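Single-letter residue listing:
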Amino acid sequence: MPPTLLLLTGPAGSGKSTTAAAWAARGDSPRAAIDVDAIRLLIRAGVARPEHGWTDETERQWNLGTKLAMAMAGVYLTDGVDCIVDVYAPPGPGDPWEKAKAELPIQRVVLLPSFAVCVDRNRTRNRQPFLEEDSLRGNYEDFEWCVRETRPAHVIDNGVLTVEQTVDAIEAALALRS
């Protein structure tokens, strides 16, 4: 079976990072979790944070993080390592991950719990970025609109699921084995 590349996406607070880490830790074969936020934050001086406003520099750094994550995924896949990429990447026109499907065997999974669940999870985050509720609402509504418009194949409402149940749902949706 060829290595798996999962793109795990959803609005802020949807549980992407926690779920990605749990998925990568499961199974007998090597699995890696790639966190695009962590890659972006390797820039220390002059880092542009989306939670402080979207600028040309924010977009440039966001795109750089995406390119680096794609490159990492490609190296892992070449060496037979399954990987999961944790990223805010609404499906739709201009999505670089959709364009990368020509070169990478990407399988997109969207986590989309209710807005209330995202707010609760965002409040208890132990890492950056923490979004104020107005910013979180915009983030959620934009993402939800993209999902409604593009209707991706794998959308999971993980609002009442445990992390392990969410990983099970991902694997069931994609017919992956542990």
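See the structure printed just above.
Thresholds, definitions, all that
Residues numbered from 1 in each chain as written. Predicted model: local features only at pLDDT ≥ 70, side-chain atom pairs only at ≥ 80, totals over all residues. Heavy atoms only, no water. Axes fitted to C-alpha atoms, helices over the stretch in contact; angles between N-to-C directions. Helix = DSSP H or I, 4+ residues; strand = E, 2+ residues; numbered from the N terminus. Parallel < 35°, antiparallel > 145°, perpendicular 65-115°, else oblique. Left-handed = near helix turned anticlockwise from the far one by under 90°. Contact = heavy atoms within 4.5 Å. Nonpolar A, V, L, I, M, F, W, Y, C, P; charged D, E, K, R; others polar. Core = buried A, V, L, I, M, F, W, Y, C linked by side-chain atoms within 4.5 Å. Buried < 20%, exposed > 50% of the residue type's maximum accessible area, 1.4 Å probe, protein only. Phe/Tyr/Trp six-rings, centres within 6.5 Å; stacked < 30°, edge-to-face > 60°.

**Observations regarding the packing of helix H5 (residues 115-123) against helix H6 (residues 133-150)**
Contact geometry for H5 and H6: axes closest at 11 Å, N-to-C directions at 135 degrees. In this view, H5 runs oblique relative to H6, as classed from their interaxial angle. In this structure, the crossing between H5 and H6 has a hand that is right-handed. Contacts between H5 and H6 involve Phe115, Cys118, Val119, Asn122 and Arg123 from the former and Glu133, Leu136, Arg137 and Tyr140 from the latter. Class assignment for the residues of the contact of H5 with H6 results in five nonpolar, one polar and three charged.

**Overview of the nonpolar core**
Ranked by internal contacts, the top residues of the largest apolar core, which has 19 residues, are Leu5, Val85 and Trp97. Counting only elements with at least two residues in this core, the list comes to strand E1 (5-9), strand E2 (31-35), helix H2 (36-40), helix H3 (56-78), strand E3 (82-86) and helix H4 (96-100). Per-element accounting of this core gives the leading share, four residues, to H3. If we skip the residues at most four places from it in the chain, Trp97 touches Leu7, Val36, Thr66, Ala69, Met70, Val85, Val87, Ala89, Ile106 and Arg108. Of all hydrophobic cores here, the second largest spans 13 residues; its members include Ala24, Val109, Val167 and Ile170.

**Quick notes on the packing of aromatic side chains**
Per the stated rule, a full pass over the model turns up two aromatic pairs. With a centroid separation of 5.4 Å and 55 degrees between ring planes, the pair formed by Tyr88 and Phe143 is classed as tilted. With Tyr88 in the loop between E3 and H4 and Phe143 in helix H6, this residue pair connects regions lying 55 residues apart in the sequence. With relative accessibility at 0%, the residue Phe143 sits in the buried group.

**Focus: the environment of Val109**
Among the structural elements, Val109 can be located in strand E4 (residues 106-111). Val109 sits in the buried class, given a relative accessible area of 1%. Placed 63 residues apart in sequence, Val109 and Gly46 show a C-alpha to C-alpha distance of 32 Å.

What is shown is where atoms sit, not what they do.
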